[in-house]
Amino acid sequence: AHPAVFIAAVNGLALGGGATLINVCDLAIASTRASIGCPEMGFATYPGMAGPAIQLSGVTRKQAAWLVLTTNRIDGETAARWGMVNECVAPEALLPRAREVARQVAGFDAAALEESKRALDRIPAEITD
């Protein structure tokens, strides 16, 4: 519900809570070195935050099940293909690209950004209700 636009820059392991952080950010860029997954099943527990957040990120049920039920990890390219991140770049390009996107977004009117973000959060929920 925060009005700021949050951008994830993922360059390594994003497991469990790390996967949750990707999914709750507004935008996400991963490097080819990213490794994203939900290892909780290996500890005999459901990924309480990551599981629901993954399904809300737009991945299909089968894709979410792959992460949650197998504990297998996906790389940045797969995450981009699945829609879990917006794009995947080389590791050395990750922070420059994230900064470039942040500068672009920061150049827009703050009130318009806030209302647009609020609409993005509200509209899908209203359509599925």
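Use the structure listed above.
Residues numbered from 1 in each chain as written. Predicted model: local features only at pLDDT ≥ 70, side-chain atom pairs only at ≥ 80, totals over all residues. Heavy atoms only, no water.

1. A short note on the overall build of the protein
As a reminder of what qualifies: Runs of E in the DSSP output that reach at least two residues are strands. Runs of H or I that reach at least four are helices, and both are numbered from the N terminus. Note on classification: 1.4 Å probe, protein chains only; a residue is buried when its accessible area is under 20% of the maximum for its type, exposed when over 50%, partly exposed between these limits. Whether two residues touch is decided by their heavy atoms; if any such pair falls within 4.5 Å, the residues are in contact. To be clear on the numbers: accessible area is Shrake-Rupley with a 1.4 Å probe, and residue cover counts the displayed protein chains and nothing else.
For the protein, the count of helices and strands is 6 helices and 6 strands. Shown N-terminal to C-terminal, the secondary structure of the protein runs as helices and strands in the order β-β-α-β-β-α-α-β-α-β-α-α. The buried share of the protein, taken over its 129 residues, is 35%. Counting contacts in the protein only where the partners sit at least 6 residues apart, residues at least 24 apart contribute 56% of the total. For the protein, the accessible area works out to roughly 7700 Å², and carbon and sulfur atoms hold 59% of it.

2. A closer look at the pairing of strand β1 (residues 7–10)
The line we're drawing: DSSP bridges decide pairing: two strands pair if at least two such bridges lie between them.
Only one face of β1 is buried, namely the one carrying Ala8 and Val10, since none of Ile7 and Ala9 on the opposite face is buried. Across 4 bridges, β1 lies against strand β3 (residues 27–31) in parallel orientation. The residue bridging Ala9 from the neighbouring strand is Ile29, located in β3.

3. Quick look at the pairing of β3
Here β3 lies mainly inside the structure; 4 of its 5 residues are buried. Pairing of β3 with strand β6 (residues 87–89), which is carried by 3 bridges, proceeds in the parallel orientation. Looking at β6, one finds that Ile29 is bridged to Glu87.

4. Topic: the sheet that holds strand β2 (residues 13–15)
The 3 strands lie next to each other as β2-β4-β5, forming an open sheet whose pairing is mixed. Edge positions in the open sheet fall to β2 and β5 (74–75), since each of these has one partner strand only. Bridge count between strand β4 (residues 35–37) and β5: 2 bridges; the pairing is antiparallel. Considered in β5, the bridge of Ser35 is made with Asp75.

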